[in-house]
Amino acid sequence: FASGCFWCVEEIFEAINGVEEVVSGYAGGDKKNATYKKVGSGRTNHAEAVEIMYDPSVVSYDQLLKVYFNSGDITQVNGQGNDRGPQYRSVIFYKSQDEKQIIESQIEVLEKNKKYAGKIAVEVLPFEVFYIAEKYHQDYVKLNPKQGYVRSVSIPRFKKAIKHFPELLKTNL
């Protein structure tokens, strides 16, 4: 999943019961060996993304999509809030035709129900490759709770997001 800064997205999905690990990285671009510096330039077409390992007997793919669609502004093109550029765009990468169908079906329902004021800007792309981000990006919010961006963007986004799916949260939050 990609939806703005991967620090924010990682923190949100880490809070979900059944999610075993969330790894920050880069996906969706056309350049090999993505790095933070290269992706940050906006010229690789990669997005900051997260890879989620989860137990499907505890949390379903549908539920993960519910989290995704309620954890950011999915109507903003090429960004989230003040983070702008193709590296911050919203993308869901699917690994099977079943996943693609589930994603497209949920988007169709959201648009039909006019849940959001604008048109949903989430790209739906086949998963090709995921480059793991540099070690210092992993668990960034947990390890850097006093950092300025974390305090002003990541934590408020987390608090806002989790109100939409309290039934999916781990009990130790």
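Report on the accompanying structure. Each chain carries its own residue numbering, running from 1 in the written order of its sequence. Given that this is a predicted model, residues contribute local features only at a pLDDT of at least 70 and side-chain atom pairs are listed and counted only at 80 or more, while totals for whole chains, interfaces and linings are drawn from all residues. For the side-chain quantities, the full set of heavy atoms in the structure was used; hydrogens and water were omitted.

As for the overall build of the protein chain
And step 1. Numbering of helices and strands starts at the N terminus; helices are DSSP runs of H or I of at least 4 residues and strands are runs of E of at least 2. Within the protein chain one finds six helices and eight strands.
And step 2. When the helices and strands of the protein chain are listed from N to C terminus, the series reads β-α-β-α-β-α-β-β-β-α-β-β-α-α.
And step 3. Computed over the C-alpha atoms, the radius of gyration of the protein chain is 15 Å, within 12% of the 16 Å expected from 2.2 N^0.38 for a compact globule of 173 residues.
And step 4. When the backbone C-alpha atoms are referred to their principal axes, the protein chain occupies close to 40 × 35 × 30 Å. Atoms considered for the radius of gyration are the C-alpha atoms alone. The globule rule reads 2.2 Å times the number of residues to the power 0.38.

Quick word on the sheet that holds strand β2 (residues 19-27)
And step 1. Taken in spatial order, the three strands of this open sheet run β3-β2-β8, and their pairing is antiparallel. This sheet does not close on itself; its edge strands, each paired only once, are β3 (47-54) and β8 (130-132). Within this sheet the neighbouring strands show an average axis-to-axis angle of 50°, counted without direction.
And step 2. By this definition, two strands are paired if DSSP reports at least two bridges between them. Judged from the eight bridges that link them, β2 and β3 form a sheet pairing that is antiparallel. Bridged to valine 23 within β3 is glutamate 51.
And step 3. Each of β2 and β3 touches helix α1 (residues 6-14); the most contacted strand, β2, lies at about 165° to it. Angles shown run from 0 to 180 degrees and are taken between the N-to-C directions of axes, each axis being a line fitted to C-alpha atoms and, for helices, limited to the stretch in contact. The criterion used for residue contact is that any of the two residues' heavy atoms lie within 4.5 Å.

Observations regarding the pattern of salt bridges
And step 1. When a carboxyl oxygen of Asp or Glu lies within 4 Å of a side-chain nitrogen of Lys or Arg, that pair is called a salt bridge. In the structure shown here, the tally under the stated rule is four salt bridges.
And step 2. Taking the shortest distance from any N to any O, the salt bridge between glutamate 11 and lysine 142 comes out at 3.4 Å. Separated by 131 residues along the polypeptide, glutamate 11 in helix α1 and lysine 142 in helix α5 (residues 140-143) bring together distant segments of the chain.
And step 3. Relative accessibility thresholds used throughout: buried, under 20% of the residue-type maximum; exposed, over 50%; partly exposed, between the two (1.4 Å probe, protein chains only). Looking at lysine 142, the relative accessible area reads 48%, which means it is partly exposed.
And step 4. Lysine 119 is the salt-bridge partner of glutamate 111, the closest N and O atoms lying 3.5 Å from each other.

Quick look at the nonpolar core
And step 1. Note on terminology: a nonpolar core comprises buried Ala, Val, Leu, Ile, Met, Phe, Trp, Tyr and Cys residues joined through side-chain atoms within 4.5 Å. Of all hydrophobic cores here, the largest spans 45 residues; its most connected members are Phe1, Phe13, Ile16, Phe69, Ile92 and Phe165.
And step 2. At the level of elements, α1, β2, β3, α3 (61-69), β6 (90-94), α4 (97-112), α5 and α6 (148-162) are the ones that each hand at least two residues to this core.
And step 3. For phenylalanine 1, the contacting residues outside a window of four places in its chain are Phe13, Ala49, Val50, Ile52, Tyr61, Leu64, Leu65, Tyr68, Val91, Ile92 and Phe93.
And step 4. Membership of the second largest hydrophobic core comes to eight residues, among which are Val23, Ala47, Val91 and Phe130.

Some remarks on unusual backbone geometry
And step 1. One non-glycine residue, asparagine 78, lies in the positive phi region at around 55°.
And step 2. Take asparagine 78: it is sitting in the loop between α3 and β4 (79-80).
And step 3. Residue classification places asparagine 78 among the partly exposed positions, given a relative accessible area of 33%.
And step 4. Positive phi, close to 55°, is recorded for aspartate 139, a residue that is not glycine.
And step 5. By relative accessible area, which is 27% here, aspartate 139 ends up partly exposed.

Re the sheet that holds β6
And step 1. Judged by pairing direction, the sheet is mixed, and its three strands sit side by side in the order β1-β6-β7 without closing on themselves. Where the open sheet ends on each side, the last strands, each with one partner, are β1 (2-3) and β7 (123-126).
And step 2. When β1 meets β6, the two strands line up antiparallel, connected through two bridges. Along β6, the bridge assignment pairs alanine 2 with valine 91.

Keep in mind that these numbers describe shape and distance, not what the molecule does.
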